[in-house]
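# A look at the structure
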Amino acid sequence: MAPILQLKGITKQFPGVLANDHIDLTLNKGEILALLGENGAGKSTLMNILYGLYQPDEGEILVNDKKVTIHSPTDAIKTGIGMVHQHFMLIPVFTVTENVMLGSEPVKAGDFLDRPKTADKIREISRQYKLEVNPDDRVEDLPVGVQQRVEIIKLLYREAEILIFDEPTAVLTPQEADELFLIMRSLVKQGKSIIFITHKLREVLDVADRITVIRRGKVVGQADPKTANKNELAEMMVGRAISLVVQKEVKAPGKIVLSVKDLVVADQMKQMVVDHVSFDVHAGQVLGVAGVQGNGQTELVEAVTGLRKSVSGSVDFGGTEITNASPRKITSLGSAHVPEDRQADGLVLPFTVAENLVLCTYYQEPFAKGVVLQYDKILENSISLVKDFDIRTPSPLTAVGTLSGGNQQKVIIARELSRPIQLLVASQPTRGLDVGSIEYIHKRIVQKRDEGCAVLLISPELDEIIELSDRIAVMYRGKIIATVNADNVTKETLGLLMAGIVPEKIESAPNGEKVVETTF
Amino acid sequence: MNKKNIEKQDFGKVVLNEIVGGDPKAKKQKKSVWKAIQIPVLAIITGLFIGAILIAATSETVYAAFREGFFTGLGQAFKEIGTAYLALITGSLGNPVSIVAALKSGDAAAIRSAVNPFLESLVQSTPYIFAGLACALGFRAGLFNIGVEGQLFMGAALATYVGYSITGLPVYIHLPLAILAGALGGAIWASIPGILKVTTGGNEVINCIMMNYIAYRITTFLLTGPMSRPGTGGMPVSPIIQKTAEIPQFFQTPIRFHAGFLLALLVAFAVWWVLFKSTWGLNLRTVGTNPRAAKYAGLSIAKTTILGMALSGALAGLAGANEILAVNRSMAIGLSSGYGFDSIALALLGNSHPVGVILAALLFGVLKNGATRMMVVSAIPIDIVTIIQALILIFVAAPAIIRSIYRMRKVKEESIATVTLSSWGGGK
Ligand SMILES: Nc1ncnc2c1ncn2[C@@H]1O[C@H](COP(=O)(O)OP(=O)(O)OP(=O)(O)O)[C@@H](O)[C@H]1O
Ligand SMILES: [Mg+2]
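Please read all numbers here as calculations on a predicted model, not as lab measurements.

As a further point, take the overall build of chain B. Helix and strand counts for chain B come out as 17 helices and zero strands. Here chain B holds 428 residues, and 50% of them are scored as buried. The long-range fraction of contacts in chain B, counting pairs at least 24 apart against all pairs at least 6 apart in sequence, stands at 75%. Per element, the accessible surface of chain B, about 20,200 Å² overall, is 69% carbon and sulfur.

Have a look at this one:
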């Protein structure tokens, strides 16, 4: 049988970058094809071409052996191609049904929208593919994982045969990711075909039927997930051997740098989301905060970095009280912050890479003299950081919004780590990064720790937390329900703690530190 | 190792080219300049083309000629359009024949009236430049300042007051004082919606519109009451400003060309410098483009927003002060022909860039000035020019029309680099 989709010689040139260089790709009916490649390799570009968002400069697309031209997402849908975007395209105040209807509204006689009919169809689809949703829920009330299901239902509702998932798991908790994989499996079992992009090698090995690797815009190889291993794949992607384990020496912690006492933070709805949390982070120590997303980590970080006012409690940084201080004050005291949502908080997308690299410091020497910006210094700074952190950009004067997702993250990391700091608050610092970059950024974080910097690391990735942290605090429903030593904790124990279950006996830390600080 | 080296070299070259616009990129640069101006240019051409059709379609004589025969009609139509546009051009830029003749004759008065059309266009452009800059600066700061008109009136009122009430100052103190008073009036008026926005979340668009109404009424009250000219029997005009507060005009009648135009260019340069070369401007643009990232970067959204409104208002106030101090020399109710509202269009046409605003303002000045002449010569209503202006703006505001007319390829990919007017529609 002919493959359902064939790409032949797809080429796309952007100013200064050849994003796709004669890419050939085949997708067979009923399979999951994983697309692997380092940041900026051209995966998203290729998928956007397939989805009609970009036009290729060269090459052709064949669906079921017939040549097609795709000028817009509408064309793509008509050809049976659908895409689940990394940033969802849902309208928060609409219900699931209304969101699914949008753009292809069925009408009853007399021009009324036929909601019940759509709702029924949604129920049918969700039964058929095991996509649990309630058609009447409002989208804004749904967790991210369920919102993603709505996106998938939208495509199935429009009868898409080829589904594209561009880094779908970057926004999911590991549990949600596992659920997504079940859904993907059930989709292909029923004849759909999937292209799946991710940077997580475990996921690739778990779900893919076939792997295609892209590097610098070219297809560099194929792999079989049944026989391949992580190290091989990593090497294929990056073109060199990658160490997936972090080298870290045991170090005696220094003095207390960040001390949080009895902190209470409320969210927009005035719900208490951080509930009397206390902890210390020492110089030369990484404190990891583990927990299922949405248990107060985001608000905790915002309170510590000055982005959100706390209700009560205190935060002390290097002997200075910074409770409810402005972000600028906290930054100028020597703290750095890698924010969770890079596009919303960390970057100004239409600004250049150079400008974004001084986003927190442009008002200071040497980047400004008085009020006069010193663009030559700003440029010099960016040239060296782009090189140091291997940011793939055509030039430092490119708008940061045109960089690939992973390279945008590198801009933030470069900016924050290149300052002299005593405290680093990092929320999901390696989200969306390829293995090579993760290795590099982990190294830099450990290096900061070794230089005596205190690090507060927030990540839903257990591997990352365990690899990097010296101590791990587990957050559950706004409380820190346990603090454990990272050396002798297992993933299983952490998993239980994250679910709110405190085992009877947690192995106690060698230095006699009190390990279970609060229980319920 | 080797690979890294190559990369490094390439990289340096790329940067260098970006800075100096070196030759490998020269071609690309030209292309991108064309890219930046192609929509406005095509919009102007299309607007004039449709204007031509309207001129023919609204002319009685053309209809009469068509009744005689198709080709006679067509001929008459072209003749009408020709006369009209010729009048538009000579009325706004001058007639080369008469300029040459005047120069030959050496008669000063003749020369003056021959070159006047062009200089008069510059006079007409001046308030547009100030007002357009006001709006453009607002857009860059993420603010939709639709209150330029009201700020212009308040600026004008304050400048007028300082202009006539203070006596005995030398020019070099009185004139700057009066100009600053204009800026101050606009700034104060604009900061009110700014303050309302940051303290109460009140939408600046709505509040600016309301502030416009209040400004009209206040100025009417002032001109008929405290600031009315004695002996006019309650006519809404102010006393004439002192000689020491006048922005100088350079030539004798009929040329009204004055130093305000040069001031406008200077201010445009200053706005450009502030926006793109100073930390203040980067603050404004950061808040305007991504308020959340601005907060993260440690900026105070509240302070920056108020400052943005105030600066925008100051520029609007300058537009008013300029009209009083350089042209009218006293304040009357009909001070503005809607400069405040046109300013939005100007900023849009000029892509919120000072250079673009100047060009757009020149276009508006030329059209406005030429339209008067066109009306005199060919009895074509001045409204045609208003329609042409409106068409041009529609085409600029909805570039998809121009793209589909000229079958241009969509440039979605570049859209990220263009200015984002996050405050359009006034949302937060
Ligand atoms: N709109 C654009 N304008 C200019 N350059 C672009 C644009 N979109 C992508 N690029 C460039 O094309 C290259 C490929 O980007 P792409 O987003 O496809 O990478 P990716 O493989 O998806 O990477 P990531 O894993 O980091 O998401 C990058 O160098 C990027 O800078
Ligand atoms: Mg991508």
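The helix and strand tally for chain A stands at 17 helices and 24 strands. Along the three orthogonal principal directions, the C-alpha set of chain A runs to about 70 × 50 × 50 Å. Classification of the 520 residues of chain A by burial places 58% in the buried group. Long-range contacts, defined as pairs at least 24 residues apart, comprise 66% of the intrachain contacts of chain A with a sequence gap of at least 6.

Another point: the site of ligand 1. Residues in close proximity to ligand 1 total 20 residues, the closest being Gly 40, Ser 44, Thr 45, His 199 and Ser 404 of chain A. Mapping the residues near ligand 1 onto chains gives chains A and B. Between ligand 1 and Glu 167 of chain A, the relevant distance is 3.3 Å, taken from an oxygen atom to a side-chain nitrogen or oxygen of the residue. Here a nitrogen atom of ligand 1 and a backbone polar atom of Thr 402 of chain A are 3.2 Å apart. Isolated, ligand 1 exposes 630 Å² of accessible area, and the fraction of that covered by the protein chains is 93%.

Turning our attention to the interface of chain B and chain A. One widely used convention gives an interface's size as the accessible area the parts lose upon coming together. Taken together, the contacts link 32 residues of chain B with 46 residues of chain A. Each partner contributes to the roughly 3,400 Å² buried at the junction of chain B and chain A, and carbon and sulfur atoms together form 63% of this total. Counting the contacts that link chain B with chain A gives two salt bridges. Residue Asp 345 of chain A is joined to Arg 292 of chain B by a salt bridge in which the shortest nitrogen-to-oxygen separation is 2.9 Å. At the junction of chain B with chain A, the criterion picks out 12 residue pairs in polar contact (both at pLDDT 80 or more). Taken together, the elements giving at least two residues each to the side of chain B that touches chain A come down to α1 (2-20), α10 (259-277), α11 (279-289) and α12 (291-296) of chain B. Among the residues making up the side of chain B that touches chain A, the classes are represented as 13 nonpolar, eight polar and 11 charged.

Moving on, we get to the packing of helix α14 (residues 339-349) of chain B against helix α15 (residues 354-378) of chain B. Residues and elements named next belong to chain B. Two elements in contact, α14 and α15, have axes separated by 8 Å at closest approach and are oriented at 130°. Considering their axes alone, α14 and α15 lie oblique with respect to each other. α15 is crossed by α14, and the crossing has right-handed handedness. Note on element contacts: α15 touches α14 through Val 357, Ala 360, Ala 361, Leu 363, Phe 364 and Lys 368, opposite Tyr 339, Asp 342, Ala 345, Leu 346, Ala 347 and Leu 349. Residues that form the contact of α14 with α15 fall into these classes: 10 nonpolar, no polar and two charged.

The subject of this paragraph is the sheet that holds strand β1 (residues 5-14) of chain A. Residues and elements named next belong to chain A. Strand order in the open sheet formed by four strands is β2-β1-β4-β5, and the pairing between neighbours is antiparallel. Each end of this open sheet is capped by a strand with a single partner; those strands are β2 (17-27) and β5 (66-68). Along the sheet, successive strands turn relative to each other by an average axial angle of 30°, direction set aside. Each of β1, β2 and β4 (58-63) touches helix α1 (residues 43-50); the most contacted strand, β1, lies at about 115° to it.

Residues and elements named next belong to chain A. Burial runs high along β1: eight of the 10 residues are buried. Judged from the seven bridges that link them, β1 and β2 form a sheet pairing that is antiparallel. Bridge pairing in β2 links Ile 10 to Ile 23. What sits between β1 and β2 in their antiparallel hairpin is a turn of two residues, with Gly 16 showing a positive phi close to 90°.

What follows covers the side chain of Asn 356 of chain A. Residues and elements named next belong to chain A. The residue Asn 356 is located in helix α12 (residues 353-356) in this model. The exposure class of Asn 356 is buried, given its relative accessible area of 0%. Separated by 2.8 Å, the side chain of Asn 356 and the backbone nitrogen of Val 348 make a polar contact. Not counting the four nearest positions on each side in its chain, Asn 356 is found in contact with Gly 346, Leu 347, Val 348, Phe 351, Val 400, Val 411 and Arg 415.

Moving on to the pattern of salt bridges. Residue and element names in this part refer to chain A. Scanning the model with the defined rule gives 31 salt bridges over all chains in all. A salt bridge links Arg 392 to Asp 390, with the shortest nitrogen-to-oxygen separation between them at 3.2 Å. Residue Asp 390 is classed as partly exposed on the basis of its relative accessible area of 31%. Connected through shared salt-bridge partners, Lys 29, Glu 161 and Lys 192 make up one network.

As a further point, take the nonpolar core. The biggest cluster of nonpolar side chains holds 100 residues, and the ones touching the most others in it are Leu 133, Leu 315, Leu 325, Met 331 and Met 374 of chain B. Apart from residues no more than four positions distant in its own chain, Leu 325 of chain B is found in contact with Ala 159, Leu 175, Ala 178, Ile 179, Ile 241, Ala 245, Glu 246 and Ile 247 of chain B. Judged by nonpolar contacts, the second largest core, of 45 residues, contains Val 246, Ala 290, Ala 414 and Ile 472 of chain A.

What follows covers unusual backbone geometry. Residue and element names in this part refer to chain A. Note that the residue after Glu 365, namely Pro 366, is joined by a cis bond; omega there is -5°. Here the phi dihedral of Glu 167 falls at roughly 45°; this positive angle occurs in a residue that is not glycine. With phi around 45°, Arg 477 is a residue other than glycine that occupies positive phi space. Inspection of the secondary structure puts Arg 477 in the loop between β23 (471-476) and β24 (479-485).

This next bit is on the packing of aromatic side chains. Residue and element names in this part refer to chain B. By the definition in use, this model includes 14 aromatic pairs over all chains. Aromatic side chains Phe 153 and Tyr 216 sit 5.5 Å apart centroid to centroid with 90° between the ring planes, which places their arrangement in the edge-to-face category. With Phe 153 in helix α7 (residues 148-165) and Tyr 216 in helix α9 (residues 204-224), this residue pair connects regions lying 63 residues apart in the sequence. For Phe 153, a relative accessible area of 4% translates into the label buried. Classification of Tyr 216 as partly exposed rests on a relative accessible area of 21%. Summarising the aromatic geometry, the rings of Phe 257 and Phe 261 are spaced 5.8 Å apart at their centres and angled 55° between planes, so their arrangement reads as tilted. Side by side, Phe 257 and Phe 261 carry an identical accessibility label, which is buried.

Reading guide: rules and limits
- Residues numbered from 1 in each chain as written.
- Chains lettered and ligands numbered in written order.
- Predicted model: local features only at pLDDT ≥ 70, side-chain atom pairs only at ≥ 80, totals over all residues.
- Heavy atoms only, no water.
- Helix = DSSP H or I, 4+ residues; strand = E, 2+ residues; numbered from the N terminus.
- Buried < 20%, exposed > 50% of the residue type's maximum accessible area, 1.4 Å probe, protein only.
- Contact = heavy atoms within 4.5 Å.
- Areas by Shrake-Rupley, 256 points an atom, 1.4 Å probe, with all protein chains shown as cover.
- Near = heavy atom within 4 Å.
- Polar contact = N/O pair within 3.5 Å; in protein donor to acceptor, adjacent residues only side chain to side chain.
- Buried area = accessible area lost by both parts, 1.4 Å probe.
- Salt bridge = Lys/Arg side-chain N within 4 Å of Asp/Glu carboxyl O.
- Nonpolar A, V, L, I, M, F, W, Y, C, P; charged D, E, K, R; others polar.
- Axes fitted to C-alpha atoms, helices over the stretch in contact; angles between N-to-C directions.
- Parallel < 35°, antiparallel > 145°, perpendicular 65-115°, else oblique.
- Left-handed = near helix turned anticlockwise from the far one by under 90°.
- Pairing = 2+ DSSP bridges.
- Core = buried A, V, L, I, M, F, W, Y, C linked by side-chain atoms within 4.5 Å.
- Phe/Tyr/Trp six-rings, centres within 6.5 Å; stacked < 30°, edge-to-face > 60°.

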